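# Understanding the architecture of this molecule
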Amino acid sequence: MSILNRLRLTAHLDDAGLTAIWTDAAASGVRQQHPHLENCAVCRTRFAELSSWLDTLQSEATTEADEAFPPERLAAQHAQIFRRLEAAERPARVIAFPKFAQPLTSRTSHASRWVAAAAAAGLIVGVGVGQLMDLRHSLSDRPSTTQARVAPASARGLEPRLQSISATRDEAFLSELDASLSRPAVPELRAIDAFTPRADDRSR
Amino acid sequence: MTGAQAAGFTGREADSGAASAVKGLQAEGRHAEARERYAELVGRHQRRASRIAFHYMRDMAEADEAVQDAFVKAYSHLASFREELPFEVWFTRILINGCLDRIKARTRRERWIAPMPDGPAGERDFGERVAGNDPSPEEQLLARERRERLARALSKLPERQRSVFMLSHYEGCTSREVSVVTGLNESTVRVHLFRAIRKLRTLLGEGQAQGTKVEKRRVHS
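A few points on the structure. Predicted, not measured: the structure shown is a model, and the values here were computed from it. (Residues numbered from 1 in each chain as written. Chains lettered and ligands numbered in written order. Predicted model: local features only at pLDDT ≥ 70, side-chain atom pairs only at ≥ 80, totals over all residues.)

### A word on the overall build of chain A
Where we set the bar: Secondary structure counts use DSSP, requiring at least four H or I residues in a row for a helix and at least two E residues in a row for a strand, with both numbered from the N terminus. Each residue is classed by its C-beta neighbour count within 10 Å, where at least 20 other C-beta atoms makes it buried, 12 or fewer makes it exposed, and intermediate counts make it partly exposed; the C-beta atoms are placed from backbone geometry.
In terms of regular secondary structure, chain A is built from 9 helices and 0 strands. Helices (α) and strands (β) of chain A occur, in sequence order from the N terminus, as α-α-α-α-α-α-α-α-α. Counting over 204 residues, chain A shows a buried share of 10%.

Next comes the structure, spelled out in structure tokens:
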């Protein structure tokens, strides 16, 4: 055995080397014994650790997937697959267009249509009759309305005149009063009047 | 040859036989019989398909839909199935492509729609699970945390590495089978598997180290 080969056998395998051995075994599907592993207990232990770690990963993953898909779920899945297959194989049905078929709500829609039409007709007739009645009334009541319309106009024209009359009368009355107050009309009382003090005098 | 491998071979032969029979029945127009025969294939691969879809989607409802779609698609395209390829491999390819399409669509959706506040992935109908000889709540919590950490680490892997790791490690596919499913060379499959494990070791090792640091801090405080 050459020195290199002997060194190869005596030096411990690193993690990559162990992984390579494991990968080769897994890829070929056959567990081969590596010459170094047969002789080195340390590497054998490390390889066993790596193998058990990978086995744990596998068992964890398998358990998780099996928990996710219990037998009941698989049975349901099986049934669903065959339902889909049957549905896919069944020839497609052509459903005729329901030309004369009446919808389920046909009765109610007819009734509501009649009600709406009657309401609309009633409204139109009502408005028409109302217009006619109004027209007739307006024709028969025209003189009275003209009077009514004229009356306020005449009243409106009188108001300033009345106002002006009453204003002049007031003015005249007040001026008469002033005149009567300013000079005594009865000669016998003029002396007494002269002695009587007035409000104007007092303010002065 | 191990017992499992022998069982695998007999299973594959049975799959090929069933697939050929379904194909023939479909061609003859005997659809009800074809469906009955196809039920055998569905029953044999349903669990495995659900696992794969769940590992990809991380959501029960979406994984369920992806599995249904894959089985329906496989049935309707069975005429294009070549007998020299195992049905399992052909079907897994359909399933994985469907899952990847769904993930792309989900990513597009999430870009525009804010996600609803939800529990951990796949825990939507946690209450549906049957309570039987379950472990204690503490153990359940720890297991859930471990799984979440693993799922996070897996999601950080590039798509090809993730596919190769899940198929070869979780589903026990050989590098040849993985190469047929993914369309990669066998040597490339090995390289991806190696890199995936190295990266997972780093990611999960860091996570564990951080976890222990936090624990230590809690103890000291």
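### Observations regarding unusual backbone geometry
Even without being a glycine, Arg58 of chain B presents a positive backbone phi close to 60 degrees. Since 20 C-beta atoms lie within 10 Å of it, Arg58 of chain B is described here as buried.

### Points about the interface of chain B and chain A
Defined as follows: What counts as a contact is two residues whose backbone-derived C-beta atoms lie within 7 Å of each other. Amino acid classes used here: Ala, Val, Leu, Ile, Met, Phe, Trp, Tyr, Cys and Pro are nonpolar; Asp, Glu, Lys and Arg are charged; the rest, including Gly, are polar.
Taken together, the 36 residues of chain B in the interface contact 31 residues of chain A. Broken down by secondary-structure element, the contributors of at least two residues to the side of chain B that touches chain A are helix H2 (31-57), helix H3 (60-76), helix H5 (137-156), helix H6 (159-170) and helix H8 (186-220) of chain B. The leading source of residues in the side of chain B that touches chain A is H2 of chain B, at 10 residues. Residue composition of the side of chain B that touches chain A, grouped by class: 15 nonpolar, 11 polar and 10 charged.

### A short note on H2 of chain B
All names here are of chain B. Basically, it comes down to this: Expected span, for any helix, means 1.5 Å times one less than how many residues it has. By definition, a residue's bend is the angle between the axes fitted to the seven residues ending there and the seven starting there.
Between its first and last C-alpha, H2 extends only 32 Å over 27 residues, short of the 39 Å set by a 1.5 Å rise per residue. Where H2 bends most, at His45, the angle is about 45 degrees. Once H2 finishes, Arg58 follows within two positions and takes phi at roughly 60 degrees, a positive value.

### Observations concerning the packing of H6 of chain B against helix H7 (residues 175-182) of chain B
For any two helices packed against each other, the geometry is given by the interaxial angle and the distance between the axes. Residue and element names in this part refer to chain B. Inclusion rule: Helix axes are fitted only over the stretch in contact, all axes being lines through C-alpha atoms; the angle between N-to-C directions runs from 0 to 180 degrees. If an angle is under 35 degrees, it is roughly parallel; if it is over 145, roughly antiparallel; if it lies from 65 to 115, roughly perpendicular; otherwise it is oblique. For any pair of crossing helices, the crossing counts as left-handed if the nearer helix is rotated counterclockwise from the farther one by less than a right angle, and right-handed if it is rotated clockwise.
Close contact between H6 and H7 brings their axes to 10 Å; oriented N to C, the two are set at 135 degrees. One finds that H6 runs oblique with respect to H7. Seen along the crossing, H6 lies across H7 with a hand that is right-handed. Judged by residue contacts, Arg160, Ser163, Val164, Leu167 and Ser168 of H6 engage Ser175, Val178, Val181 and Thr182 from H7.

### Things to note about the nonpolar core
How we decide: Only buried Ala, Val, Leu, Ile, Met, Phe, Trp, Tyr and Cys residues enter a nonpolar core, and they are joined through C-beta atoms within 7 Å.
Ala53, Phe54, Ala66, Val67, Ala70, Leu95 and Leu193 of chain B are the most contacted members of the largest nonpolar core, which totals 57 residues. Sort the elements by how many residues they give to this core and H2 of chain B lands first, with 10 residues. Those residues within four positions of Val67 of chain B in sequence are excluded, and the remaining contacts are Gln77 of chain A together with Ala49, Ser50, Ala53 and Leu95 of chain B.

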